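The lines below spell out each chain.
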Amino acid sequence: METIARSDSLKYECMLFDMDDTLYPLSSGVNLACRKNIEEYMLHYLNIEETEVPKMCLELYREYGTTMAGLKVLGYEFDNDKFHEFVHGRLPYEVLKPDPLLRNLLLSMPQRKIIFTNGDKAHAIRVLNKLGLGDCFEGIICFETLNPPLEDTDEAASRRILCKPSVKAMEVAIRIANLDPHKTMFFDDSARNIASGKEAGLHTVIVGTSTMVAGADHALRSIHSIREVIPQIWEEGRGYPKQIIQSNAAELTVVQA
Ligand SMILES: [Mg+2]
């Protein structure tokens, strides 16, 4: 249990950030490299027909939030950790560089800041450290947070993976981080995640485009324009903490810089 001070003067108490393609641009190439690795895993470890792989990879991603979640629904059995190791282990992390501008923006925000990613913990820590943001967040809600290992292997095999964009995943994240959704701003580059975030009661910001999508309250072409587009994050941050609340933050994965 961690004690968090909140200010009554804040309209928003927490900033909930997706990580991949939100805190760094899609153009970095990490997303493309990740998809190539997933396709390779499907081909070599799940023996899926080569001509089927790219289409299936994309369709499962669209339908279930992650290709991995879709593969499990289709009945493919594989070890989650080994999958993550394969698809993330060989990513070109070196293309991600420290981002002091974003770091300063995050550190100047008076709200709690939490990562909410479908990725696994090792990937999240690696990306945040590469971006120089390892100490900017109170915690990380990641694959392991929403899908803790089960002792019973039969139950584990039949269990569906919980991930965005499922509204249930949103609600579990809100509960674990002890958030008031009406006082939380959620940033994500996926239109589907934004729609389900809105359904869960969050204020929503689509990132990576200046075009609004269904369920979005704001649109940010780049995370760097956050202060220009949503200045109220800072404007309403004046005042002293008045209320001390208990948070379940201990349940979150701690960021290790
Ligand atoms: Mg993303």
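As a reminder, the structure under discussion sits directly above these lines.
These remarks concern the structure in this document. (Residues numbered from 1 in each chain as written. Predicted model: local features only at pLDDT ≥ 70, side-chain atom pairs only at ≥ 80, totals over all residues.)

### Things to note about the overall build of the protein
(1) Moving on: Scanning the protein from terminus to terminus reveals 12 helices and 8 strands.
(2) Moving on: A buried classification covers 36% of the 257 residues belonging to the protein.
(3) Moving on: A separation threshold of at least 6 residues defines the contact pool for the protein, and within that pool the share at least 24 residues apart is 67%. (Helix = DSSP H or I, 4+ residues; strand = E, 2+ residues; numbered from the N terminus. Buried ≥ 20, exposed ≤ 12 C-beta atoms within 10 Å, placed from the backbone. Contact = placed C-beta atoms within 7 Å.)

### Notes on the sheet that holds strand β2 (residues 14-17)
(1) Moving on: With parallel pairing, the 6 strands of this open sheet are ordered in space as β4-β3-β2-β5-β6-β7. This sheet does not close on itself; its edge strands, each paired only once, are β4 (139-141) and β7 (218-220). The sheet shows a mean angle of 25 degrees between the axes of neighbouring strands, direction not considered.
(2) Moving on: Taken together, the 3 bridges between strand β3 (residues 112-116) and β4 define a ladder with parallel strand orientation. (Pairing = 2+ DSSP bridges. Axes fitted to C-alpha atoms, helices over the stretch in contact; angles between N-to-C directions.)

### Focus on the packing of helix α1 (residues 30-44) against helix α4 (residues 80-89)
(1) Moving on: Two elements in contact, α1 and α4, have axes separated by 8 Å at closest approach and are oriented at 135 degrees. Classified by the angle between their axes, α1 and α4 sit oblique to one another. In this structure, α1 crosses over α4, and the sense of that crossing is right-handed. Contact residues: Cys34, Asn37, Ile38 and Tyr41 in α1; Phe83, Phe86 and Val87 in α4. (Parallel < 35°, antiparallel > 145°, perpendicular 65-115°, else oblique. Left-handed = near helix turned anticlockwise from the far one by under 90°.)

### Let's talk about the nonpolar core
(1) Moving on: With 59 residues, the main nonpolar core has Leu16, Phe17, Ile114, Ile115, Ala124, Ile141 and Val205 as its most contacted residues.
(2) Moving on: Considering each element in turn, this core owes the most residues, 5 residues, to α1. (Core = buried A, V, L, I, M, F, W, Y, C linked by C-beta atoms within 7 Å.)

### Quick word on helix α9 (residues 167-176)
(1) Moving on: The set of residues buried in α9 consists of Ala169, Met170, Ala173 and Ile174. Taken around the axis of α9, the buried residues stretch over an arc of 135 degrees, which confines them to a single face.
(2) Moving on: Buried residues in α9 make contact with β3, β4, α7 (143-146) and α10 (191-199). (Arc of directions from axis to C-beta.)

### Re the packing of α1 against helix α2 (residues 53-64)
Axes are the key here: two packed helices are described by the angle between their axes and the distance separating the axes.
(1) Moving on: Where α1 contacts α2, the axes come no closer than 10 Å and their chain directions differ by 115 degrees. Judged by the twist between their axes, the crossing of α1 over α2 is right-handed. Where α1 abuts α2, its residues Arg35, Ile38, Glu39, Met42 and Leu43 lie against Val53, Pro54 and Cys57.
(2) Moving on: Counted by class, the contact of α1 with α2 contains 6 nonpolar, no polar and 2 charged residues. (Nonpolar A, V, L, I, M, F, W, Y, C, P; charged D, E, K, R; others polar.)

### Here's the deal with the environment of Met212
(1) Moving on: On the secondary structure map, Met212 appears in the loop between β6 (203-207) and β7.
(2) Moving on: Met212 sits 21 residues away from Ala191 along the chain, and the two C-alpha atoms are 9.1 Å apart.
(3) Moving on: Residues in contact with Met212, not counting those within four places in the same chain, are Ile206 and Ala219.

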